[in-house]
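Residues per chain, in single letters:
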Amino acid sequence: MSSAAPHVTGQDHVGPDHLWSVDEHLEDILATVRPLEPIELHLLDAQGCVLVEDITVPVSLPPFDNSSMDGYAVRVADVAGASEEFPAALEVVGDVAAGQAEPLPVSPGQAARIMTGAPLPPGAETVVPVEWTDGGLGEGPVRGMLARSLGPEGATGHVQVYRPAEARAHVRAKGSDVKAGDRALEAGTVLGPPQIALLAAIGRGTVRVRPRPRVVVVSTGSELVQPDTELRTGQIYDSNSFALTAAARDAGAIAYRVGAVADDAETLRSTIEDQLVRADLMVTTGGVSVGAYDVVKEALSHVGDEDEPGSGIDFRKLAMQPGKPQGFGSIGPDHTPLLALPGNPVSSYVSFELFVRPAIRALMGLPDVHRPTIRATLTADKALTSPKGRRQFLRGTYADGEVTPVGGAGSHLVAALAHADALIAVPEDTVSVEPGTEVEVVLLG
């Protein structure tokens with residue numbers, strides 16, 4: 001369940017006509033959302049999660065000196081001066097394979113055939129690669145070893161070595177990766193494949209992490225139909241629920257998509273209540289504006305009562321384009337955070353990037369919840385215009401310090417959005433941006 005604190009919305013200190021800034025809305029969200037409680041998970045279940053503890057190495061890696069090559073473990077003096085004209089001839093005393101427990105000592109004049117990863121045997125000082133030897137065949141340099149099942153005699157007899165080797169050549173020293181007592185990973189690390197590999201390598205089967213947030217995405221609108229079905233007059237395909245579910249997964253969440261809900265307040269309320277059992281965060285899209293069929297506002301404006309003190313959804317207007325209508329609050333007995341986004345595809349996605357993604361990252365317990373923001377030079381055919389008093393977010397492509405707008409400002413232009421990898425942020429007090437001007441850019445990739 002969510003560990004978000006009961007929500008006290010902005011409606012408690014501002015009037016209903018207050019025009020919220022982007023920063024005010026985001027601050028209200030992040031002041032409410034709390035990191036999820038830590039749990040112990042097995043390694044593969046912990047992928048994508050955030051560590052809540054420092055991990056100390058209990059055993060050095062590698063735990064013993066071992067060979068980095070297939071070859072022969074020898075004493076340095078026994079191969080000094082060796083050449084193809086005057087090879088060093090050594091007695092082969094046996095094989096040392098990876099995983100072999102019994103030590104096989106190497107005395108003067110002897111060699112042990114050794115495999116990659118096998119422990120350096122007592123008495124041996126270096127490893128000569130098999131390509132520097134005749135492989136025990138007496139027919140000049142070889143390219144490799146025969147499989148033991150095909151040539152068991154290779155583990156005995158004699159071998160000729162054609163090149164000298166320095167001490168510790170082709171030997172991975174004990175602790176050369178990490179030493180016992182070192183800090184392997186810091187609290188706050190997101191566990192990806194390399195980090196999971198390290199944990200397994202030092203013997204950790206479970207770790208204490210904050211779990212990946214469970215996000216439920218619900219789209220609304222009687223006009224919405226599923227892809228792969230035939231469109232009738234007045235219908236469109238439901239793209240928002242797919243976009244936002246994918247975006248939530250990209251942000252690190254476990255995301256569940258709920259098929260489009262028709263414009264009926266009771267149906268939507270019931271759907272949301274049914275989904276709360278698997279949600280740390282609820283996201284709706286559509287139905288938050290001022291129309292007669294804006295079902296999300298109708299269904300959730302008065303949610304929360306004496307049985308659920310602190311619950312409630314505040315619907316507000318933001319000084320931004322696209323994405324002016326927004327809703328935020330908490331719902332249900334666990335005060336699960338809910339963000340209500342506009343229904344236009346671009347408005348919905350931009351709102352997700354600005355508000356939902358940071359909320360997901362906050363639930364994960366990450367110290368930095370924001371996308372990278374840089375300054376870049378605007379390249380465009382003409383000046384960009386922006387409404388006064390609104391922070392405008394235009395789609396763009398970024399490369400080599402320059403950003404180029406993609407498509408127009410319309411909040412329905414989903415095709416242009418598919419080609420964008422950045423958002424161009426135009427401040428509230430700016431109504432025109434000339435080409436060559438330095439602008440703020442939010443990187444989406």
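Computed from a prediction, not measured in an experiment: that's the story for all the values here.

Conventions adopted
Residues numbered from 1 in each chain as written. Predicted model: local features only at pLDDT ≥ 70, side-chain atom pairs only at ≥ 80, totals over all residues. Heavy atoms only, no water. Salt bridge = Lys/Arg side-chain N within 4 Å of Asp/Glu carboxyl O. Helix = DSSP H or I, 4+ residues; strand = E, 2+ residues; numbered from the N terminus. Pairing = 2+ DSSP bridges. Buried < 20%, exposed > 50% of the residue type's maximum accessible area, 1.4 Å probe, protein only. Arc of directions from axis to C-beta. pLDDT = per-residue confidence, 0-100. Contact = heavy atoms within 4.5 Å. Phe/Tyr/Trp six-rings, centres within 6.5 Å; stacked < 30°, edge-to-face > 60°. Lys NZ or Arg CZ within 6 Å of the ring centre and 35° of its normal. Core = buried A, V, L, I, M, F, W, Y, C linked by side-chain atoms within 4.5 Å. Axes fitted to C-alpha atoms, helices over the stretch in contact; angles between N-to-C directions.

A. Spotlight on the pattern of salt bridges. Applying the stated criterion across every chain, the model contains 15 salt bridges. Arg269 is the partner of Glu266 in a salt bridge, and the nearest nitrogen-oxygen pair spans 2.4 Å. A residue pair is termed a helical-turn pair when its members lie 3 or 4 positions apart in one helix, as Glu266 and Arg269 do in helix α5 (residues 265–275) at three residues. When salt bridges with common partners are traced through the structure, they connect Asp23, Arg391 and Glu428 into a single cluster.

B. Layout of the sheet that holds strand β13 (residues 206–210). Read across the open sheet, the three strands follow the order β2-β13-β3; overall the sheet is antiparallel. A strand with exactly one partner marks an edge of an open sheet, and here the two such strands are β2 (39–42) and β3 (50–51). In the sheet, β2 pairs with β13 via four bridges, with the strands oriented antiparallel. Paired with Glu40 across the bridge in β13 is Arg208.

C. Here's a closer look at helix α1 (residues 22–32). All of the buried residues in α1 are Val22, His25, Leu26, Asp28, Ile29 and Thr32. Down the axis of α1, the buried set is contained in an arc of 155 degrees. They therefore lie on one face.

D. Focus on the confidence of the model for the protein chain. For the protein chain, the mean per-residue pLDDT works out to 90, and 91% of the residues sit at or above 70. Scored below 50 in pLDDT, residues 4–11 makes 29 contacts in the model with residues more than four places away or belonging to other chains.

E. Just the packing of aromatic side chains, in detail. The tally for this structure, following the rule as stated, stands at zero aromatic pairs. The ring centre of Phe242 lies 4.0 Å from the NZ or CZ of Arg257, which sits over that ring. A cation over a ring is seen here: Arg316 above Trp20, with NZ or CZ 3.7 Å from the ring centre.

F. Summary view of the nonpolar core. Counting 42 residues, the largest nonpolar core has Leu281, Phe355 and Ile360 as the members making the most contacts within it. Of all the elements in the fold, those that place two or more residues in this core are α1, β14 (214–220), α4 (240–251), β18 (281–285), β22 (336–341), α7 (345–364) and β27 (422–426). For this core, the leading source of residues is α7, giving twelve residues. Setting aside residues no more than four positions away along its own chain, Leu281 makes contact with Arg214, Val215, Val216, Thr336, Pro337, Leu339, Val356, Ala359, Ile360 and Leu363. In this structure, Val216, Val218, Leu268 and Ile313 belong to the second largest nonpolar core, which totals 20 residues.

G. Just the sheet that holds strand β7 (residues 88–96), in detail. Pairing within the open sheet is mixed, and its five strands lie in the order β9-β6-β8-β7-β10. Both edges of this open sheet fall to β9 (126–129) and β10 (158–161), since each of them pairs with a single strand only. Strand-to-strand twist of the sheet, defined as the mean angle between neighbouring strand axes without regard to direction, takes the value 40 degrees. Strand direction decides the pairing type here: strand β6 (residues 71–74) and strand β8 (residues 110–114), joined by three bridges, are antiparallel. Paired with Gly71 across the two strands is Ile114, which belongs to β8.

H. The arrangement of helix α3 (residues 193–201) in detail. Turning to α3, its buried residues number three or more, namely Ile196, Leu198 and Leu199. Each buried residue of α3 sits inside an arc of 160 degrees when the element is viewed along its axis, so together they form one side. Summarising the geometry of α3, the exposed residues directed more than 90 degrees from the buried face are Pro193 and Pro194. Check the buried side of α3 and you find it contacts β4 (55–56), β12 (183–185) and β13.

I. Here's a closer look at the pairing of β14. Counting buried positions along β14 yields six of seven residues, so the element is predominantly enclosed. Judged from the six bridges that link them, β14 and strand β17 (residues 254–261) form a sheet pairing that is parallel. Within β17, the residue paired with Arg214 across the bridge is Ile254. Inspection of the sheet shows β14 paired to β18 by five bridges, in the parallel sense.

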